[in-house]
Structure formats: structure tokens, C-alpha cells
Amino acid sequence: MPHTPDALSERELRVLEAVVQTYIETAEPAGSKTIAQRFGLGVSPATIRSTMSDLEEKGYLFHPHTSAGRIPTDQAYRVYVDHLMRVAPVRSQVRTALEAELPPRSAVDDLLRRAAQVLGVLTQELGVAAAPALEQAVLERLELVQIASDRLLLVFNLRSGVVRTIFVQTQVTVDARAVEQVARVLNERLGGLTLREIRTSLGERLRDAGEPGQGRDLLNIFIAEGDGIFALERTGDAVVLGSAQPLAEQPEFASNDRMRELLELTERRDLIRETLTARGRGLTITIGGEHGDQRLAGFTLVTSTYHVGDLAGVIGVLGPTRMPYDKIIGLVQHTSRLVEGLLQ
């Protein structure tokens, strides 16, 4: 099926736009009389009904067996978003509310968590965000803090300004002098490299480093476990979600089956993470069946890229395909720019 309006007449485009807008606003199938009364298209309800029938044959509309009205298909939403919709500017009071809720000078994770929550409330969808992928992040400095005689806290200071921490169990007692020596070696030999470069060449770079004794033993632990230690994108939860409550109150989730689908989706952080990290740069809108995974077929995902130094993450909303795209797109883009500004 074509996703461009080239195969549609001007009348078909206007009727399609009217059906999409009506269904977005009411969550009820749009009938020809309603379209004629609301939009003043200059043609009779009978003509509109005939046009809607043509649009259904072309795959842009369908009607439930219990209703004479029509509902947009994913293909209709795509034409609407790409060719018919006009993005609404973000109202000043919404901008003010958003800025007031996002704390300046916050850690990346804290800021994303708050942004996803606020974006979800403002759009009445599920706010989602992914932290920057750290595979290409450059290690600026590594700090080792001794928590116990056999446990270390590693603080990764990355060139983009992102800070990550993990714990390492040494299994053997290590004194403060050995910890200091290893920290110096790690910074001398690994500073300025990306995490990917560190993981793929760690053994070679540390093979002849360190003095015999505890220092060398600790370095051997780093070599043996380096693939996990320096895979920071696997530590913690790289995806944050806002509250699902606003979304759960929408008509699409009135049935127990649809509510169960929504709850299962919010528990599948791995699926959401894979979907978000596969997004393209800039504004990306994926509608219903355009998702590669059938579990997302009933949802639209609208995201926008934000940058932290040379790294990039995404923020946006997940909701039913019946969403007010014109308002949501502008708000998602504004939020991504605001997050980016606060992280610089």
C-alpha cells in the first residue's frame, strides 16, 4: 500500500484528515454525517460516505462490524503525519511548567527520569527515555574507592560529562597502596580511549603493568572481568519510564485484554530498550504495524534525539496509535532540546 497521498484525490485527502482528527478527539468511529457537520467540506454526507468507502478499499480506513463509522488504519495515520498535519507550537504555560519540573545540574539518569514523568503527564501518554549509548564514550578519568578490604567502587568519568559507578568484588584482601597503584596504571593506559577500545584491548594494554603482589593481582582481576566491568551500557537500567497511569485511563485500554498488554509492555524493559536504541537521529515516529515486533503493533512511539557531548540518547512518548500527533510531536521535540540544554 502506498504511504504517499499521490494516489489520493484532494477530496479523499480532506475526508481522510477529517476522519483522523475526529477519531483522535472522540475515540469513536467517524460517520459521514458527523464529518459533514463538523468540517464543512462543501459536499453532501452521501458523497462523504462514498469517499470514505473508497478510502476503505484503498486501505486507509476500516469500520468495526458494529458501527457504520470508520476508523483510521496505520497507513492513514502515516499520511496524516507526513502530509496533512501541522505541528502545534508548544504553549508558553506548558513550556513554563516543563522547565519548572526539570532540575538543572542533575545527573543524566535523574534528569531523564523526571523528564519522562513530566512528558507523560503533559501528553497523557507513557513517557520514555533512553540514556546515551556509552559504547563510544571516551574515558576521561577512572577513580577507585575502597569500600572494604575486598570491595571497590569504580567511578567512571566520561568525556561527555556522564558519570557511572559500579562495584567490583576483588575476592582477596587489597590494601590502599595497591588500589592507588592500580588506579594510576588504569588512568595512564586507558584514559582517552573509548569503552569499546578498552574492552577489546584491555589484556594487551595491562599485560606488563603493575608491580608483583597485590597490585598485579588486582590488575589481573580487571583483565579477567574487563568485558563486564567496561560494558557500562549494560549496568543499571538504561531505559526510564514515566507513570503508565495516564495511558491506562485512555479508552483503548478499557478492556482487560488491552490493559494486560499495556502492563506486560511496561514490564518488558528489554523490548523498550531495544526499540529505543534502534531509533534514528532526530524526530522519529513509528506507527502501529511499522514496528518490527508484534507486541508494539497497537502503539505509536514518538521520540527525539538529545545529545550529551558526542553521545546521543532519545526521549519521547509511547501511546495508542490514536494520539494527538500535532501536539505531541512539538512537545517531544521541545523536551529533547530542553534536556540537551540542561546536560551541556
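Residues numbered from 1 in each chain as written. Predicted model: local features only at pLDDT ≥ 70, side-chain atom pairs only at ≥ 80, totals over all residues. Heavy atoms only, no water.

Draft legend 1. Up close: the overall build of the chain. The helix and strand inventory of the chain stands at 13 helices and ten strands. The C-alpha radius of gyration computed for the chain amounts to 26 Å, which surpasses the reference 20 Å derived for 344 residues by more than 25%, pointing to a less compact arrangement than a globule. Burial status across the chain gives 49% buried among its 344 residues. For the chain, contacts bridging at least 24 residues in sequence account for 61% of all contacts bridging at least 6. (Helix = DSSP H or I, 4+ residues; strand = E, 2+ residues; numbered from the N terminus. Rg over C-alpha atoms; globule rule 2.2 N^0.38 Å. Buried < 20%, exposed > 50% of the residue type's maximum accessible area, 1.4 Å probe, protein only. Contact = heavy atoms within 4.5 Å.)

Draft legend 2. View of the environment of Ala 224. You can see Ala 224 is positioned in helix H9 (residues 214-229). The exposure class assigned to Ala 224 is exposed, which follows from its relative accessible area of 67%.

Draft legend 3. Up close: the pattern of salt bridges. Applying the stated criterion to the full structure yields 19 salt bridges. For Glu 143, the salt bridge identified is with Arg 141, shortest N-O distance 2.8 Å. A relative accessible area of 39% places Arg 141 in the partly exposed class. One connected set of salt bridges, linked through shared partners, spans Glu 10, Arg 14, Glu 17 and Arg 86. (Salt bridge = Lys/Arg side-chain N within 4 Å of Asp/Glu carboxyl O.)

Draft legend 4. A look at the sheet that holds strand E4 (residues 139-148). Reading across the sheet, the three strands line up as E4-E5-E6 and stay open at both edges, with antiparallel pairing between neighbours. Edge strands, defined here as strands with exactly one partner in the open sheet, are E4 and strand E6 (163-169). Strand-to-strand, the axes of this sheet are offset by a mean angle of 20°, without reference to chain direction. The pairing of E4 with strand E5 (residues 151-158) spans eight bridges and is classified as antiparallel. Among the inter-strand pairings, Ala 148 is bridged to a residue of E5, identified as Arg 151. (Pairing = 2+ DSSP bridges. Axes fitted to C-alpha atoms, helices over the stretch in contact; angles between N-to-C directions.)

Draft legend 5. Local environment of the pairing of E6. Burial along E6 is one-sided: Arg 164, Ile 166 and Val 168 are buried, while Val 163, Thr 165, Phe 167 and Gln 169, pointing the other way, are not. Both E5 and E6 contribute to a ladder of seven bridges, which runs antiparallel. What sits directly across from Phe 156, in E6, is Arg 164.

Draft legend 6. How the structure looks around the packing of helix H6 (residues 108-123) against helix H13 (residues 325-343). Where H6 meets H13, the axes come as close as 11 Å, and the angle between the chain directions of the two elements is 160°. Overall, the two elements H6 and H13 adopt an arrangement that is roughly antiparallel. The crossing of H6 and H13 is right-handed. Counting all contacts with H6, which are made through Val 108, Leu 111, Leu 112, Ala 115, Leu 119, Leu 122 and Thr 123, the residues of H13 involved are Ile 328, Leu 331, Val 332, Thr 335, Val 339, Leu 342 and Leu 343. Across the contact of H6 with H13, the residue classes break down as twelve nonpolar, two polar and no charged. (Parallel < 35°, antiparallel > 145°, perpendicular 65-115°, else oblique. Left-handed = near helix turned anticlockwise from the far one by under 90°. Nonpolar A, V, L, I, M, F, W, Y, C, P; charged D, E, K, R; others polar.)

Draft legend 7. Summary view of a nonpolar patch on the surface. A contiguous nonpolar surface patch, about 260 Å² in accessible area, is contributed by Val 145, Ile 147 and Phe 167. The partly exposed category is assigned to Ile 147, whose relative accessible area is 44%. (Patch = residues over 30% accessible without salt bridge, like charges linked within 9 Å, V, L, I, M, F, W, Y side chains within 5 Å. Areas by Shrake-Rupley, 256 points an atom, 1.4 Å probe, with all protein chains shown as cover.)

Draft legend 8. Spatial organisation of empty space enclosed by the protein. Counting across every chain of the model gives one cavity of 30 Å³ or more. If you add up the space inside the largest cavity, you get close to 60 Å³. Around the largest cavity, the lining residues are Val 128, Leu 271, Ile 272, Thr 275, Leu 276, His 291, Leu 296, Leu 301 and Leu 318. For the lining of the largest cavity, the leading source of residues is helix H12 (residues 269-277), giving four residues. Among the residues making up the lining of the largest cavity, the classes are represented as seven nonpolar, two polar and no charged. (1 Å grid on protein atoms, 1.4 Å probe; cavity = no way out; pocket = protein on both sides within 12 Å on 5 of 7 lines; lining within 4 Å. Points joined across faces, edges and corners; volume = space filled by probe spheres on them.)

Draft legend 9. Highlighting the pairing of strand E8 (residues 284-287). Covered by surrounding structure in E8 are Thr 284 and Thr 286 together with Ile 285 and Ile 287, the residues of both alternating faces. Inspection of the sheet shows E8 paired to strand E9 (residues 299-308) by four bridges, in the antiparallel sense. In the sheet register, Thr 286 faces E9, and the bridge partner there is Leu 301.

Draft legend 10. Region of interest: the packing of aromatic side chains. Tallied over the full model, the rule gives three aromatic pairs. Between Phe 156 and Phe 230 the ring centres are 5.6 Å apart and the planes differ by 85°, which places this aromatic pair in the edge-to-face class. In this pair, Phe 156 sits in strand E5 while Phe 230 sits in the loop between H9 and strand E7 (239-241), placing the two residues 74 residues apart along the sequence. Neither Phe 156 nor Phe 230 differs from the other in exposure class; each is buried. Arranged with centres 6.0 Å apart and planes meeting at 20°, the rings of Phe 253 and Phe 299 form a pair that is stacked. Here Phe 253 is found in the loop between helix H10 (245-248) and helix H11 (256-267), whereas its partner Phe 299 is found in strand E9, with 46 residues between them in sequence. Of the two residues, Phe 253 and Phe 299, both sit in the buried class. One cation-aromatic arrangement involves Arg 258 over Phe 299; the distance from NZ or CZ to the ring centre is 5.8 Å. (Phe/Tyr/Trp six-rings, centres within 6.5 Å; stacked < 30°, edge-to-face > 60°. Lys NZ or Arg CZ within 6 Å of the ring centre and 35° of its normal.)

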